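Now for the letters of each chain:
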Amino acid sequence: MFNWFKKEAPLKGLSGMGGGVGRGDSGMKASGGTVTTEGAYTVHTFTYPASGQNFVVESGTGEVIVECLGAGGGGSSGNSQWAVGGGGGGYAYASLEVSPGTYPVVVGQGASRQSSCGSAGNNGGNTQIFTFTGYGGQGNYHPGPGAGGNFAVPGGTDLGSNQGQNGNNNTGDGSGAGGANGKHQASPPFTAWGVGASGVPNYTPGPNASGYGNGGAGGHSCQNGHNGGGSGSPGIIVIKYL
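Cut-offs used in this document
Residues numbered from 1 in each chain as written. Predicted model: local features only at pLDDT ≥ 70, side-chain atom pairs only at ≥ 80, totals over all residues. Heavy atoms only, no water. Helix = DSSP H or I, 4+ residues; strand = E, 2+ residues; numbered from the N terminus. Polar contact = N/O pair within 3.5 Å; in protein donor to acceptor, adjacent residues only side chain to side chain. Contact = heavy atoms within 4.5 Å. Pairing = 2+ DSSP bridges. Disulfide = S-S within 2.5 Å. Buried < 20%, exposed > 50% of the residue type's maximum accessible area, 1.4 Å probe, protein only. Phe/Tyr/Trp six-rings, centres within 6.5 Å; stacked < 30°, edge-to-face > 60°. Lys NZ or Arg CZ within 6 Å of the ring centre and 35° of its normal.

Caption draft 1: Geometry of the side chain of Gln 114. Note that Gln 114 resides in the loop between β8 (101–104) and β9 (127–129). Polar contacts involving the side chain of Gln 114 include one to the main-chain amide nitrogen of Ser 116, which spans 3.0 Å. Beyond its immediate sequence surroundings of up to four residues, Gln 114 is in contact with Gly 75, Ser 77, Ser 119, Ala 120, Asn 122, Asn 227, Gly 228 and Gly 229.

Next up, the structure:
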């Protein structure tokens, strides 16, 4: 049995959905999400669905670095016209001093697929932890693009937050791509969470987005019997500390 009050290296490798426990080198002990390590950092990751999950600081105080990404918006379904892509989720990236307590976690659901011909794409859900929010990307209908989600980090130190990319609203074959998540919009681009779904030729359904926080593509000319615009991908929360 581990001594929870002693710095034993195996604790840093514990993981599990909602049941992981981590202890940083600073002495802060916390639980929640899937717990891993990244160099000297203890890392807690929360993915959708995270209903009922919390990040719990059990003892100690310290600074946490937080990545909070909103979900991607969905592509529209164009009736006798070109469709538009959904926006990428906003990326809140900031640090904050925390003390013992229970902090609710909300991870945004990716926008659902738009299967109703001639309809706007659906909106992605917001992702929230502490005072930070990564807003979900939006759906829209031609000619307006699905707007990328914004971010808010009140009370924290912003480390490089970014708005999600707007969905593509060009016309012609290959148009209507989904917008990329806000972290991908950083310089240099971060690619591990993917990008928006690719645009498609006319008379083609929009692909669903993959990864995290990316917009689905629009489906053009749905009157020809296809099933519309693609879904957005869900958000994610990553918390790390020393």
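Now that the structure has been shown, we can carry on.
Caption draft 2: The sheet that holds strand β4 (residues 41–47), seen in detail. If you walk across this open sheet you meet the 6 strands as β3-β4-β13-β6-β7-β12, and the pairing is antiparallel. On the outer flanks of this sheet lie β3 (34–38) and β12 (157–158), each paired with one strand and no other. Direction of pairing for β4 relative to strand β13 (residues 236–241): antiparallel, over a ladder of 6 bridges. Looking at the pairing, Thr 45 lines up with Val 238 of β13.

Caption draft 3: Molecular detail of the state of the cysteines. Applying the stated criterion across every chain, the model contains 1 disulfide. Note on cysteine connectivity: Cys 117 is disulfide-linked to Cys 222, with sulfurs 2.0 Å apart. Here Cys 117 and Cys 222 share a disulfide; its torsion about the S-S bond, 85 degrees, makes the bridge right-handed. Placement of Cys 117 in the loop between β8 and β9 and of Cys 222 in the loop between β12 and β13 is noted, with a sequence separation of 105 residues between them.

Caption draft 4: Layout of the side chain of Asn 181. Residue position: Asn 181 is located in the loop between β12 and β13. Residue classification places Asn 181 among the buried positions, given a relative accessible area of 0%. For Asn 181, the residues in contact, after removing those within four places along its chain, are Leu 69, Gly 88, Gly 89, Gly 164, Trp 193, Gly 194, Tyr 212, Gly 213 and Asn 214.

Caption draft 5: Focus on the sheet that holds strand β10 (residues 132–134). Across the sheet, which stays open at both edges, the 3 strands sit in the order β9-β10-β11 with antiparallel pairing between neighbours. Sheet topology places β9 and β11 (151–152) at the edges, where each strand pairs with a single neighbour. As paired strands, β10 and β11 are joined by 2 bridges and run antiparallel to one another. Paired with Gly 134 across the bridge in β11 is Phe 151.

Caption draft 6: View of the packing of aromatic side chains. Under the defined criterion, the tally for this structure stands at 7 aromatic pairs. Taken together, a centroid distance of 6.5 Å and an interplanar angle of 75 degrees make the contact between Phe 130 and Phe 132 edge-to-face. Of the aromatic side chains, those joined through ring pairs into one cluster are Tyr 91, Tyr 93, Phe 190, Trp 193 and Tyr 212. Above the ring of Phe 190, the side-chain terminus of Lys 183 is found at 3.7 Å from the ring centroid. Above the plane of the ring of Trp 193 lies Lys 183, whose end atom (NZ or CZ) is 4.6 Å from the centre.

Caption draft 7: The arrangement of the pairing of β13 in detail. Most of β13 is tucked away, with 6 of its 6 residues classed as buried. Both faces of β13 are covered, namely the face carrying Ile 236, Val 238 and Lys 240 and the face carrying Ile 237, Ile 239 and Tyr 241.

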